[in-house]
Amino acid sequence: MDKATGGSDAEIGVSVIIAAHRAHDTIARAVRSLLTQRWTAWQAVIVSDDGTDYRQTLLSAGLDDPRIRFASTGRIGAGAPAARNAGLAAATLPLIAPLDADDLFRPERLSVLAPLAWARGAAFDNVAVTRDEDGAPLSTLFPPDDGIAAFDAAGFLATSVPMFPLVRRDLCPGWEEDVNFCDDVVFNVQILDRTGPVPLVKTPLYEYRQRAGSITFSTDSGDRAERCYRHVLARLASDGLRIDDPALRARFAKALEAKRARNAAYEAAFKAGRCANFQEFLALNGS
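In this report, we go over the structure that sits alongside the text. (Residues numbered from 1 in each chain as written. Predicted model: local features only at pLDDT ≥ 70, side-chain atom pairs only at ≥ 80, totals over all residues. Heavy atoms only, no water.)

**Notes on the overall build of the chain**
Within the chain one finds nine helices and 10 strands. Here the C-alpha radius of gyration of the chain, 18 Å, is about what a compact globule of 287 residues would show, namely 19 Å. With respect to the principal axes defined by its C-alpha atoms, the chain has extents near 50 × 40 × 40 Å. For the chain, the proportion of its 287 residues judged to be buried stands at 52%. Nonlocal contacts in the chain, meaning residues at least 24 apart in sequence, comprise 77% of its contacts between residues at least 6 apart. With an accessible surface of roughly 12,300 Å², the chain has 51% of that area assigned to carbon and sulfur atoms. Side-chain charges in the chain split into 33 positive and 37 negative, and the spacing between the mean points of these groups amounts to 2 Å. (Helix = DSSP H or I, 4+ residues; strand = E, 2+ residues; numbered from the N terminus. Rg over C-alpha atoms; globule rule 2.2 N^0.38 Å. Buried < 20%, exposed > 50% of the residue type's maximum accessible area, 1.4 Å probe, protein only. Contact = heavy atoms within 4.5 Å. Areas by Shrake-Rupley, 256 points an atom, 1.4 Å probe, with all protein chains shown as cover. Lys, Arg positive; Asp, Glu negative; His and termini not counted. Charge placed at Lys NZ, Arg CZ, Asp CG, Glu CD.)

See below:
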């Protein structure tokens, strides 16, 4: 297997998949975060899901690198799962890493996670939640430190902030194109079903940006989450959602019911004006 494009022979290549829909204002920042990586063996696969040319956007921002590739869903608004699957089809390196177009990797992320993911099948890291307008830190998913913990599906299902692992390509399940809004949750459970416990780096290396106008700020986010949870529960009951472990399917269903209850509480708080978005609701309620 080809391990790298560029960098030393010890570096394992990482295909970073970026789904882009109306992302012209943020895509340059996401790509710059790759250009500052200490781990040089990466490629970025930017997938247009809005019929526009992101190559020109990057060139206009002074960004041009042979490691950047471009693909398209061939549609407009096919959805992030479809765009990521198009990126997965175009990717050529042995590790896969999703990156949202409005988020960024901190410079040491790939150098820390890639060796762990290669050895163990996948690796997760802590997540720093920041306010997009000024970069102000809001929270971290876990208390940050320099350690590495074992992370399994039970641990993941207790979280409420999106997580974006590195995963070995042969274990990457792809994304369920009929699941929107909570597609990252399904993707991560499917990975952990295949790998069992994997490393969790407690240092926040992924920066999750809270943006006004993003899906978590939309007035219908609660309704969208509820529809997604119901659909995933129906899939679990009918075809198992490509999760082999029956105990994990049951645990996932139980966790989704808890998320539905939390979502209902968020909807009530949002409509009463007590919070502006789901992450603020979690912070106010100590989650």
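**Observations concerning the pattern of salt bridges**
Considering all chains together, one arrives at 18 salt bridges under this definition. Linking Asp170 and Arg168 is a salt bridge whose minimum nitrogen-to-oxygen distance equals 2.8 Å. A relative accessible area of 55% means that Asp170 is categorised as exposed. A salt bridge links Lys271 to Glu267; the shortest N-O distance between them is 3.6 Å. Taken as a pair, Lys271 and Glu267 lie in helix H8 (residues 246-271) at a separation of four residues, close to a single helical turn. (Salt bridge = Lys/Arg side-chain N within 4 Å of Asp/Glu carboxyl O.)

**Considering the nonpolar core**
One finds Val14, Ile18, Ile27, Ile46, Val232 and Phe252 to be the most contacted residues of the largest nonpolar core, which totals 81 residues. Among residues more than four places away in sequence, those in contact with Ile27 are Ile18, Ala20, Ile46, Tyr54, Thr57, Leu58 and Ala101. Within the second largest apolar cluster, six residues are counted, among which are Tyr266, Cys275, Phe278 and Leu282. (Core = buried A, V, L, I, M, F, W, Y, C linked by side-chain atoms within 4.5 Å.)

**A look at the state of the cysteines**
For the structure on display, the rule yields one disulfide. Linked covalently through their sulfurs, Cys182 and Cys228 form a disulfide whose S-S length is 1.8 Å. Residues Cys182 and Cys228 are joined by a disulfide whose S-S torsion is about -80 degrees; by sign, that bridge is left-handed. Taken together, the residues Cys182 in the loop between strand E9 (166-168) and helix H6 (183-195) and Cys228 in helix H7 (residues 221-238) connect sequence positions 46 residues apart. In this structure Cys182 comes out as buried when scored by relative accessible area, which is 5%. With relative accessibility at 3%, the residue Cys228 sits in the buried group. Here Cys172 is not cross-linked by a disulfide; its sulfur's nearest cysteine counterpart is in Cys182, at 17 Å. What makes Cys172 buried here is its relative accessible area of 13%. (Disulfide = S-S within 2.5 Å.)

**Description of the pairing of strand E1 (residues 14-20)**
Of all the seven residues making up E1, seven are buried; the element is thus mostly covered by neighbouring parts of the structure. Across the two faces of E1 the burial is the same, with Val14, Val16, Ile18 and Ala20 and Ser15, Ile17 and Ala19 all buried. As paired elements, E1 and strand E2 (residues 42-48) share seven bridges and run parallel to each other. Its bridge partner being in E2, Ala20 is matched across the sheet by Ser48. Note on the crossover from E1 through helix H1 (residues 27-35) to E2: the handedness is right-handed. (Pairing = 2+ DSSP bridges. Right-handed = clockwise from strand over helix to strand, strands pointing away.)

**Regarding H8**
Since the α-helix packs 3.6 residues into each turn, any two residues three or four apart lie on the same face. Taking 1.5 Å per residue, 26 residues should reach 38 Å; H8 reaches 37 Å between its end C-alpha atoms and fits that length. Buried within H8 we find Leu248, Phe252, Ala255, Leu256, Lys259, Asn263, Tyr266, Glu267 and Ala269. By the N-cap criterion, in which a side-chain oxygen at the helix start approaches the backbone nitrogen of a residue two or three places on, H8 is capped by Asp245, the distance to Ala247 being 3.0 Å. A positive backbone phi angle near 80 degrees is found at Gly273, which sits one or two residues after H8. (Expected span 1.5 Å × (residues − 1). Polar contact = N/O pair within 3.5 Å; in protein donor to acceptor, adjacent residues only side chain to side chain.)

None of the figures reported here should be taken as evidence of function without further support.
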